[in-house]
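For reference, the chains in residue letters:
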Amino acid sequence: MAAAEAASAQAGEEPGSALRRRFASIKHVVLVLSGKGGVGKSTMTTQIALALVAAGKKVGVLDVDLCGPSIPKMLNLQGKDVHQCSEGWVPVYADVAQRLSCMSIGFLLGARDDPVVWRGPKKTAMIKQFLEDVFWGELDYLLIDTPPGTSDEHISIVEYLRECRPDGAVVVTTPQQVALADVRKELSFCVKANIRVLGVVENMSGFVCPHCAECTNVFSSGGGESLAAACKVPFLGAVPLDPQLTQSLEAGTDFQAAFPTSQVYAAVKQVVEPLLTLPARGEA
């Protein structure tokens, strides 16, 4: 029995009940997955979160990419500190209205360039602590940004969240065959782990010219949609590359507020639309 579960047992609390209690105030839990690195999972996570907030929802983002935490920079939260209250760790808020909150290993590092050189058991313990100890309060959505692959972090998340019955996963790919081959493995992982696939997103699907707004296929297109059809899962949409989005992420500014008529924002809204109609967790 793990130390945390042993402590819970000594306190008369069943193992896992702390996690169930923590997630009881969260309406929807969505994982963002991919079998391939560099496809833009963190970018999609932040854009989905901002679109949900724009739709009037209260959103939390849990960054469990322990070796490459990108969310704090993308939300302009670098250098922020995590505080504690009687209920646990308080997430860092990205807006004055406190409708978008975030927790990441990036807030706990001594210096921005410090590497996380951990073996599997320590990663697993950190993920469990994030899940059990962060006091999110009332949330409409908790988005969990994961590292690429199907390794320790993913297995740990699935095992810990099993009793909380997450809504499912958004799987991100790019159009190229190299990426699609690895993302197909991620979809197989979802089947084996009994995770519902909410849909596939094809990121970097074309390049939007910053001058004329014409979208050109610099890689290829349609790979994500074909993969979704072959695996019999929903296709949520194709999101193009836009230099203005890249600049916004680097600066930590809200791209959607700055460019509300962009092709990227229109595509992200299409991705988010099915998430807004999800049934209550546990009813699907």
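Residues numbered from 1 in each chain as written. Predicted model: local features only at pLDDT ≥ 70, side-chain atom pairs only at ≥ 80, totals over all residues. Heavy atoms only, no water.

What about unusual backbone geometry?
For step 1, the next point in the chain: A positive phi angle, close to 60 degrees, is found at Asn194, a residue other than glycine.
For step 2, the next point in the chain: Following the sequence through the fold, Asn194 ends up in the loop between helix H7 (177-192) and strand S9 (197-208).
For step 3, the next point in the chain: At Met204, a position not held by glycine, the phi torsion is positive, near 60 degrees.
For step 4, the next point in the chain: Looking at where Met204 falls in the secondary structure, it is placed in strand S9.
For step 5, the next point in the chain: Judged by its relative accessible area of 19%, Met204 falls in the buried class. (Helix = DSSP H or I, 4+ residues; strand = E, 2+ residues; numbered from the N terminus. Buried < 20%, exposed > 50% of the residue type's maximum accessible area, 1.4 Å probe, protein only.)

Side note on the environment of Lys232
For step 1, the next point in the chain: Of note, Lys232 is situated in the loop between helix H8 (223-231) and strand S11 (235-241).
For step 2, the next point in the chain: Considered as a pair, Lys232 and Asp133 are 99 residues apart in the sequence and their alpha carbons are 37 Å apart.

Observations regarding the confidence of the model for the protein chain
For step 1, the next point in the chain: Confidence in the prediction of the protein chain, expressed as mean pLDDT, is 89, and 93% of residues score 70 or more.
For step 2, the next point in the chain: Below a pLDDT of 50 lies the segment residues 1-12, which in the model reaches 10 contacts outside its immediate sequence neighbourhood of four places, other chains included. (pLDDT = per-residue confidence, 0-100. Contact = heavy atoms within 4.5 Å.)

Let's talk about the nonpolar core
For step 1, the next point in the chain: Membership of the largest hydrophobic core comes to 79 residues, with the highest contact counts inside it found for Phe23, Leu62, Phe130 and Ile144.
For step 2, the next point in the chain: The element best represented in this core is helix H3 (residues 41-54), accounting for 7 residues.
For step 3, the next point in the chain: Other than its neighbours up to four places away in sequence, Phe130 contacts Leu62, Asp63, Val64, Leu66, Trp89, Met103, Ser104, Ile105 and Leu108. (Core = buried A, V, L, I, M, F, W, Y, C linked by side-chain atoms within 4.5 Å.)

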